[in-house]
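Inside the fold
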Amino acid sequence: MFLPHTYHQIPFTYHNYYISSHLLLFHFTYTLYLIFPSHTLTLMEASWQESVTYSINTVYLLFSAYLVFVMQIGFAMICAGSVRAKNAMNIMLTNVVDAVVGSISFYLFGFAFAYGNSNPFIGTDLFALVNIPNVTYDYAFFLYQWSFAIAVAGITSGSIAERTQFSAYLVFSFFLSGFVYPVAAHWVWSPSGWLSPFSTNLFLSSGAIDFAGCGVVHLVGAIAGLWGSIIEGPRAGRFDAFGKPVPLRGHNATLVVLGTFLLWFGWFGFNPGSFDKIVVSYPGTTNQGNWTSIGRTAVVTTLAGSTAGIVTLFGRRLLIGHWDAMDVCNGLLGGLVAITSGCSVVEPWAAILCGFVAAWVLIGLNIVALKMNYDDPLEAAQLHGGCGTWGLLFTGLFAKQEFVIQTYNSGKVGVERPYGLLLGGGWELIGAQVVEILVIFAWVSVTMGPMFYGLHKLNILRISIDDEVAGLDISRHGGYAYAPHEDNFPQSYADYMRLREDQS
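Since the model is a prediction, treat every value here as computed from it, not as a measurement.

Cut-offs used in this document
Sequence order sets the numbering: in each chain, residues are counted from 1 along the sequence as written. In view of the model being predicted, local features appear only for residues whose pLDDT reaches at least 70, and side-chain atom pairs are presented and counted only at 80 or more, with totals across whole chains, interfaces and linings using the full set of residues. The basis for every side-chain value is the complete set of non-hydrogen atoms in the structure, without hydrogens or water. Comment: elements are numbered from the N terminus, with helices defined as DSSP H or I runs of at least four residues and strands as E runs of at least two. What makes two residues a contact is simply this: any of their non-hydrogen atoms within 4.5 Å. Under this definition, polar contacts are N or O atom pairs within 3.5 Å; protein pairs additionally need one hydrogen-donor-capable and one acceptor-capable atom, and for neighbouring residues in sequence, both atoms have to be side-chain atoms. Grid spacing is 1 Å over the protein atoms alone, the probe is 1.4 Å, and a cavity is where that probe fits but cannot get out, while a pocket is an open set with protein on both sides within 12 Å along at least five of seven lines and lining residues have an atom within 4 Å of a point. Grid points are joined across faces, edges and corners, and a volume is the space filled by probe spheres set on the points. Any residue outside Ala, Val, Leu, Ile, Met, Phe, Trp, Tyr, Cys, Pro, Asp, Glu, Lys and Arg is labelled polar, Gly included; the first ten of those are nonpolar and the last four are charged. What a helix is expected to span follows from its residue count: subtract one and scale by 1.5 Å. In this scheme Phe, Tyr and Trp rings, the latter by its six-membered ring, pair at centre separations within 6.5 Å, and the angle between planes marks the pair as stacked below 30 degrees, edge-to-face above 60, and tilted otherwise. To sort residues, take the accessible area from a 1.4 Å probe on protein chains only and compare it with the maximum for the residue type: under 20% means buried, over 50% means exposed, and anything in between is partly exposed. Geometrically, a charge over a ring is one whose NZ (Lys) or CZ (Arg) sits within 6 Å of the ring centre while staying within 35 degrees of the ring normal. One speaks of a salt bridge when a side-chain nitrogen belonging to Lys or Arg is within 4 Å of a carboxyl oxygen belonging to Asp or Glu. Helix axes are fitted to C-alpha atoms over the stretch in contact, other axes to C-alpha atoms as well, and angles between N-to-C directions run from 0 to 180 degrees. Reported orientations rely on four angle classes, namely roughly parallel under 35 degrees, roughly antiparallel over 145, roughly perpendicular from 65 to 115, and oblique for the rest. By convention the crossing between two helices is left-handed if the near helix lies anticlockwise of the far one by an angle smaller than a right angle, and right-handed if it lies clockwise. Note on scores: pLDDT gives the predictor's confidence for each residue, bounded by 0 and 100.

We now examine the environment of Thr124. Among the structural elements, Thr124 can be located in the loop between α3 (88–115) and α4 (139–159). Along the backbone, Thr124 and Phe113 are 11 residues apart, and their C-alpha atoms lie at a distance of 6.2 Å. Contacts of Thr124, omitting those with residues within four sequence positions, involve Ala112, Gly116, Asn117, Ser118 and Asn119. Of note is the side chain of Thr124, whose polar atom sits 3.2 Å from the backbone oxygen of Asn117.

Quick look at the structure:
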């Protein structure tokens, strides 16, 4: 190997200065090797191995965070396509607000409540990322968890679309992302959480397995939306005088399909990304590690969503007599939601069963919602709540012990953990899953229910009937999302106000 012995022989540029400094480092290391060969090789090997491993894991987690953030685009597209054209600008803006308000809230309080140390109920340090990075968490981990937090508020926004005051979105987004969701996340995902499968004192000797957030994300957002929709009541014209449903179809199926594919794409960061680290080898194996589990998780996610989409396609065809693109998209998403809890601990064949049942859960809950005059423009409570609940129960029934140990003990040999009831794993895991469902329902109900009711009593929750009929775009945002409109429609907020004055 040729090495320059005099560094002044290299022309001075910043690039060459960089090379020269590394050559100096190499010479120094080589000299150490000549004097202490065994010790130097050990030092170099450990240092490079740790650095490369940390770098790869960090890049993997950041890339997963970017994928999950893409889901915000998917939410925005689905929301816009599922509402009427006169409310498109409003629903798009609320998706932006959910992200930006949730970001500040999660930075200031949410991350600390979710992952701060102290007690099994709530974290009490790391506010505003003080002492980050540390030996446990770094900025990449915060960014990944932030992408989850802002997704929760997006779920809730869909349930109360087309009739909610904009100021109410600001309030509930901040509260949900900064307090309600983080506490639930602390219970299940923090090592000190009382339901956490990472805890040293496992609840029911198992802890609840909610790998990527059937309960922590989807059920929290759905229950919040459920209470908001109940307190607000249905949209004007959704049910006639006899209580029969009147279709208020979304205005753009193209946006719904686009949003669905973007969400599906983002789910590959949501589920496989929840491993946090990709370079983790399993003891007792020569070719298995987190990388194999991540691949399986991606396959399982795909199968569950695809099965639910197919079942919904034919199921709705039998019920309504035609092929409906929007129904299929919601069915596919229902399957993705349902597999989110157990995606890392079930076999591919079980994912097909998960998706099959999820489709019928969504179809059935939509029928029940209409019977009860419940109005959710995006079916968010039924989809994220119903399918999320089924997903938690499914995990308690079909989790495989080998995969549970790989996920939560890095494949450590000699470890025994409870697993799926139908696979012979006993009642501990399914018991923990049921407890998670109940406590999340109770927690979100006692926090978000009173908050929505308070906004309602202060008259800052629902818009007036006149504004609702005219549409939120013109009545609250100064114009329409699309142009041009018919001549007899107001073209600006000033036109709208003059029209109201003429009618009064």
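Over the atoms rolls a probe the size of a water molecule, and in doing so it shows where empty space is left. Approximately 970 Å³ is the volume attributed to the largest pocket. Considering the residues around the largest pocket, the lining is formed by 36 residues, among which Phe141, Phe198, Phe275, Asp276 and Lys277 are closest to the centre. Counting only elements with at least two residues in the lining of the largest pocket, the list comes to α2 (37–82), α4 and α12 (401–409). Tallied by class, residues from the lining of the largest pocket come to 19 nonpolar, 12 polar and five charged. Forming the walls of the second largest pocket are 32 residues, and the residues nearest its centre are Arg238, Arg249, Arg316, Asp327 and Glu379. Taken together, the elements giving at least two residues each to the lining of the second largest pocket come down to α8 (290–320), α9 (325–339) and α10 (348–371).

Okay, helix α7 (residues 253–270) next. Along its 18 residues, α7 runs 25 Å from first to last C-alpha, staying within 8% of the 26 Å computed at 1.5 Å per residue. With a side-chain oxygen lying 3.0 Å from the backbone nitrogen of Thr254, the N-terminal cap of α7 falls on Asn252.

With the rule as written, the count across this model stands at 33 aromatic pairs. When the ring of Phe113 is compared with that of Phe127, the centres are 5.5 Å apart and the planes differ by 85 degrees; the resulting orientation is edge-to-face. Separated by 14 residues along the polypeptide, Phe113 in helix α3 and Phe127 in the loop between α3 and α4 bring together distant segments of the chain. Judged by its relative accessible area of 29%, Phe127 falls in the partly exposed class. Among the aromatic residues, those joined into a cluster by ring pairs are Phe113, Phe121, Phe127, Phe175, Phe179, Trp187, Trp194, Phe203 and Trp443. The ring of Phe403 has Arg296 sitting right over it, with the charged end atom 3.6 Å from the ring centre.

Take the pattern of salt bridges next. Within the structure shown, the criterion is met by 10 salt bridges. Notably, a salt bridge pairs Asp467 with Arg476, separated by 3.0 Å at the nearest N-O pair. Members of the salt-bridge network, linked through shared partners, are Arg84, Glu162, Arg235, Arg238 and Asp375.

Turning to the packing of α9 against α10, a few remarks are in order. Where α9 contacts α10, the axes come no closer than 8 Å and their chain directions differ by 125 degrees. Comparing the axis directions of α9 and α10 gives the class oblique. Viewed along their axes, α9 and α10 form a crossing whose handedness is right-handed. For the pair α9 and α10, contact is made by Asn330, Gly331, Gly334, Gly335, Ala338 and Ile339 and by Ala351, Cys354, Ala358 and Leu362, respectively. Residues that form the contact of α9 with α10 fall into these classes: six nonpolar, four polar and no charged.

Turning to empty space enclosed by the protein, a few remarks are in order. Taken as a whole and assessed by the stated rule, the structure comprises one cavity of 30 Å³ or more. Size it by volume and the largest cavity reaches roughly 140 Å³. Taken together, 14 residues form the lining of the largest cavity, with Phe75, Ile78, Leu333, Leu378 and His384 sitting closest to its centre. The class makeup of the residues in the lining of the largest cavity is 10 nonpolar, four polar and no charged.

What follows deals with the side chain of Asp467. If you trace the backbone, Asp467 turns up in helix α14 (residues 465–470). Assessed through its relative accessible area of 5%, Asp467 is described here as buried. Within the local environment of Asp467, its side chain forms a polar contact with the side chain of Arg476, the two groups lying 3.0 Å apart.

Take Pro247: it is sitting in the loop between α6 (214–232) and α7. Along the chain, Pro247 and Gly237 lie 10 residues apart, while their C-alpha atoms are 8.9 Å from each other.

The next subject is the confidence of the model for the chain. This prediction gives the chain a mean pLDDT of 88; 87% of its residues lie at or above 70. Here residues 1–26 is a poorly scored stretch, pLDDT under 50, and it has 16 contacts once near neighbours within four places are set aside; other chains count.

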